[in-house]
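Single-letter residue listing:
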Amino acid sequence: MAKKPETASRIADNKKAAFNYFFEERFEAGLVLEGWEVKSLREGKVQLTDGYVVIRNGELFIIGLQINPLHTASSHVNPDHVRTKKLLMHKAEIKRLIGKVEQKGYTLVPINLHWKAGKVKCDVALAKGKAEHDKRDTIKDREGKREVERAMKDRNR
């Protein structure tokens, strides 16, 4: 029997998060999804940039993750594309995160969605917000690297 071709492991990235936050720690969490959401994820119909993670009653939930429904896969249900989705982690990790998030300036930010052993996983970071001058430094570093690469490319011609 032929193996199914492996799909790309990375589904979506939150590039905005790296610009707005310093990442202290990273965690991997499972995601509770409905069938039509999984089919939409396989097609890449997802937006993670506005998502954030909250803790309610000792459970983690991701808010603002948009999964746009496929018309062919969700014809028999009424899909809610901005539904609050539950994240699955070990109880001890959640308790540790609750203690950290209660400290001033810390928040939980989703970094990316990816496939792992046929299941959808979400990388969550314990993050601290960047100040405006830190964001300017990030832009300056990025532009500096770009100029160096451009100079090296011209030099090698």
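See above for the structure.
Residues numbered from 1 in each chain as written. Predicted model: local features only at pLDDT ≥ 70, side-chain atom pairs only at ≥ 80, totals over all residues. Heavy atoms only, no water.

I'm lost on the overall build of the protein in this one. Help?
The secondary structure content of the protein amounts to four helices and nine strands. In sequence order, the protein lays out its α and β elements as β-α-β-α-β-β-β-β-β-α-β-β-α. A compact globule built from 157 residues should have a C-alpha radius of gyration of about 15 Å, whereas the protein, at 19 Å, is more than 25% larger. Overall, the protein is about 55 × 45 × 30 Å in size when its C-alpha atoms are taken along their principal axes. Relative to its 157 residues, the protein shows a buried fraction of 31%. For the protein, the proportion of contacts with a sequence separation of at least 24, taken over those separated by at least 6, is 69%. Approximately 10600 Å² of the protein is accessible, and the part contributed by carbon and sulfur atoms is 49%. Taking the average place of the 33 positive charges on the side chains of the protein and the average place of its 22 negative ones, the gap between the two points comes to 3 Å. (Helix = DSSP H or I, 4+ residues; strand = E, 2+ residues; numbered from the N terminus. Rg over C-alpha atoms; globule rule 2.2 N^0.38 Å. Buried < 20%, exposed > 50% of the residue type's maximum accessible area, 1.4 Å probe, protein only. Contact = heavy atoms within 4.5 Å. Areas by Shrake-Rupley, 256 points an atom, 1.4 Å probe, with all protein chains shown as cover. Lys, Arg positive; Asp, Glu negative; His and termini not counted. Charge placed at Lys NZ, Arg CZ, Asp CG, Glu CD.)

So what exactly am I meant to see when it comes to the packing of aromatic side chains here?
Each aromatic ring pair is characterised by the separation of its centres together with the angle its planes make. Here the structure, examined in full by the defined rule, presents zero aromatic pairs. Just above the ring of W115 sits the side chain of R42; from NZ or CZ to the centre is 4.3 Å. (Phe/Tyr/Trp six-rings, centres within 6.5 Å; stacked < 30°, edge-to-face > 60°. Lys NZ or Arg CZ within 6 Å of the ring centre and 35° of its normal.)

So what exactly am I meant to see when it comes to the pattern of salt bridges here?
Working definition: two side chains of opposite charge can pair if their charged atoms are close together. A complete count under the given rule lists six salt bridges for this structure. The salt bridge partner of E25 is K100, with a shortest N-O separation of 3.4 Å. Taken together, the residues E25 in strand β2 (residues 21-31) and K100 in helix α3 (residues 91-101) connect sequence positions 75 residues apart. On the basis of relative accessibility, which here comes to 23%, the residue E25 falls in the partly exposed class. We classify K100 as partly exposed; its relative accessible area is 28%. With a closest N to O distance of 3.0 Å, K116 and E28 form a salt bridge. Placement of the pair is K116 in strand β8 (residues 106-116) and E28 in strand β2, with a sequence separation of 88 residues. A relative accessible area of 44% means that K116 is categorised as partly exposed. Owing to a relative accessible area of 33%, E28 belongs among the partly exposed residues under this scheme. (Salt bridge = Lys/Arg side-chain N within 4 Å of Asp/Glu carboxyl O.)

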